[in-house]
Amino acid sequence: MFPTLFTLDGHIKAPNYGPYQGKIYFTIMNTNPLHLTKFHEFLKDAKIPNGTEEGIAQSGFAQYGPGDCLIGRDLRNGDREETDELLSWITPVDASCLECFDRKDVADLWAVRDDILGPDELRTPTKAVFQDGIWSGGVAWERDPLACCVQNASRCYTAAFSHQVPKTLTSPTRGVKTSSGMLTPHHVLRKRLIDVTARIGVHAMTLSAPAEATLLRQRAEALNFPRIGNSDNYYFSTMQLNITPAQGPDAATAKSKFVEDLGHFGGKHTDNDALLAFSHLLSCSDLRGDERPGIFVLLTFGLYIVLEGFVSCCFSGRHFHGGFPPHAQPGCTPDPRSYRVIIISYPSSSVFDAASKYTLANVGNNVTIELPREAIDPQYDNVKADVTPTSIAADGHVLTSADALINYLGRALAQLAHKVMGEVTIDELIQVVFGRLLWPLKRCTCPT
């Protein structure tokens, strides 16, 4: 059965939202291996409730709303609040509480959402198609060859980095590929999407969970993983855009089409995210009729979130979760312009656990420079390679003097750096170089 949820008046791990504080849900977790095995078997058979009023009522799930949080206690840790864990939270934002987020960030999100969906008269509920050299239907984002969907999920799109499991290789997703560094309108829209989503996600972390944010920042600095959106994003290594049209009123049909569009992401699932980190769900619907907004479900804890308007929720993708699409009222037809847009920012284990190498640069035809995990993870800092192949760095001292060896290695690193930096576009180099040159001037105090 689902864990028992209590509500508390206060807790030291709860986010401080002041007058906008919602419910503090609290659960006690039995982490005994035998119990966890039984609980996992129970969750494998548990169902995501239909997002209709009837389906929600029958589920018995608790509603999780703005300002709410979920705190868990390991039964083995006693009754001290200090050892409890903040498991999830919903940063409050509505017309009366925009100060929880920067107003510009929220406005930028709505603008990006509108550009993803495009003009009303061109939208259709079905995915865009390319026929006879012309794009038609769907939404604006999809009408571009760079909108590459996730395998078996036709309306899910990796926005930033992707991980190739067979090669244990992390690279920018193919949808960001440029020609000679030139940005197309799709690139610009993708860049804006990543930028505003990162700004909101970073604020959701630092405002709501400052202690956890500090620890994650230390981890990110130690690993130097590539930060997406901006230099303050220490918390999410990639993003996924999910686009969902409003469905008809029949729950079974709505669910079937939802899974058809989003693949397994539309059903009950867990993600291979990093432990002790958080995913960030950002929902921004554009429902034009009188449709019900649908729900997001934290199945492990029996909680559901109504995805109406702007919703910012942090949770662990390691827990079972899923959703239900926006849908028309009984006896009604959904407006063909109505869509729900969700961006999931998440901490991929390949990055946060240093379980992958990175594609740094392509320096020739089929010649790629990769940064291996052994150069990323500090646990390898004092580990000497015990391998058969020789190398100049390890064995070159047998062949020449120390001065000659260090001179060569220094020049070789400069050659390597030159090839890597040669991939960076001129505009980006100029921006960074001038920024570095002007930085001391910004800090100096001119005499009067």
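Here the structure is shown first, and the text comes after it.
Predicted, not measured: the structure shown is a model, and the values here were computed from it. (Residues numbered from 1 in each chain as written. Predicted model: local features only at pLDDT ≥ 70, side-chain atom pairs only at ≥ 80, totals over all residues. Heavy atoms only, no water.)

Novice: Kindly report on the overall build of the protein, identifying the contributing residues and their values.
Specialist: A tally of helices and strands in the protein yields 10 helices and 20 strands. Relative to a compact globule of 448 residues, whose C-alpha radius of gyration would be 22 Å, the protein shows 25 Å and is just as compact. Seen along its three principal axes, the alpha-carbon backbone of the protein occupies a region of about 80 × 65 × 65 Å. A buried classification covers 44% of the 448 residues belonging to the protein. (Helix = DSSP H or I, 4+ residues; strand = E, 2+ residues; numbered from the N terminus. Rg over C-alpha atoms; globule rule 2.2 N^0.38 Å. Buried < 20%, exposed > 50% of the residue type's maximum accessible area, 1.4 Å probe, protein only.)

Novice: So, the sheet that holds strand 16 (residues 310–315): which residues are in play, and what are the values?
Specialist: Read from one edge to the other, the open sheet built from 10 strands follows the order 1-2-4-5-16-13-18-12-9-8, with strand pairing classed as mixed. Of all strands in the sheet, those bounded by a partner on one side alone are strand 1 (6–8) and strand 8 (149–150). Bridge count for strand 13 (residues 279–286) against strand 18 (residues 339–346) is seven bridges, and the pairing is antiparallel. Within strand 18, the position partnered with cysteine 284 by the bridge is valine 341. The strands touched by helix 3 (residues 103–117) within the sheet are strand 12 (238–245), strand 13, strand 16 and strand 18, with strand 13 carrying the most contacts at an inclination of about 65 degrees. Taken strand by strand, helix 4 (residues 185–208) contacts strand 5 (85–90), strand 9 (153–158), strand 12, strand 13, strand 16 and strand 18, and its axis lies near 120 degrees from that of strand 13. (Pairing = 2+ DSSP bridges. Contact = heavy atoms within 4.5 Å. Axes fitted to C-alpha atoms, helices over the stretch in contact; angles between N-to-C directions.)

Novice: Could you give me a rundown of the pairing of strand 19 (residues 357–364), with the residues and numbers involved?
Specialist: For strand 11 (residues 169–172) and strand 19, the ladder comprises two bridges, and the chain directions are parallel. When the sheet's bridge partners are listed, threonine 170 is paired in strand 19 with tyrosine 358. Bridging between strand 19 and strand 20 (residues 367–371) involves five bridges; their strand directions are antiparallel. Of the residues in strand 20, the one forming a bridge with asparagine 362 is threonine 368. Linking two consecutive strands that pair antiparallel, namely strand 19 and strand 20, is a turn of two residues; a positive phi of about 60 degrees is found at asparagine 366 within it.

Novice: For the packing of aromatic side chains, give the residues involved together with the corresponding values.
Specialist: One pass over the structure, following the stated rule, counts 13 aromatic pairs. Centre to centre, the rings of phenylalanine 2 and phenylalanine 42 are 5.0 Å apart; their planes meet at 80 degrees, and the pair counts as edge-to-face. Note that phenylalanine 2 is positioned in the segment before strand 1 and phenylalanine 42 in helix 1 (residues 33–45), a separation of 40 residues in sequence. Exposure remark for phenylalanine 2: the relative accessible area of 24% places this residue in the partly exposed category. Look at phenylalanine 2 and phenylalanine 61: their rings are 5.0 Å apart centre to centre, the planes differ by 80 degrees, and that puts the pair in the edge-to-face class. Residue phenylalanine 2 is found in the segment before strand 1, and its partner phenylalanine 61 is found in the loop between helix 2 (53–59) and strand 3 (62–63); the two are separated by 59 residues along the sequence. Taken together, the ring pairs connect Phe2, Phe39, Phe42 and Phe61 into an aromatic cluster. Taking the ring centre of phenylalanine 320 as reference, the NZ or CZ of lysine 268 above it sits at 5.7 Å. (Phe/Tyr/Trp six-rings, centres within 6.5 Å; stacked < 30°, edge-to-face > 60°. Lys NZ or Arg CZ within 6 Å of the ring centre and 35° of its normal.)

Novice: Quick one: what's the story with unusual backbone geometry, residue by residue and with numbers?
Specialist: Unusually for a residue other than glycine, aspartate 132 sits at a positive phi of about 55 degrees. Within the secondary structure layout, aspartate 132 lies in the loop between strand 6 (129–131) and strand 7 (134–136). Residue classification places aspartate 132 among the exposed positions, given a relative accessible area of 75%. With phi around 50 degrees, asparagine 224 is a residue other than glycine that occupies positive phi space. Along the chain, asparagine 224 turns up in the loop between helix 5 (210–223) and strand 12. Residue asparagine 224 is classed as exposed on the basis of its relative accessible area of 55%.

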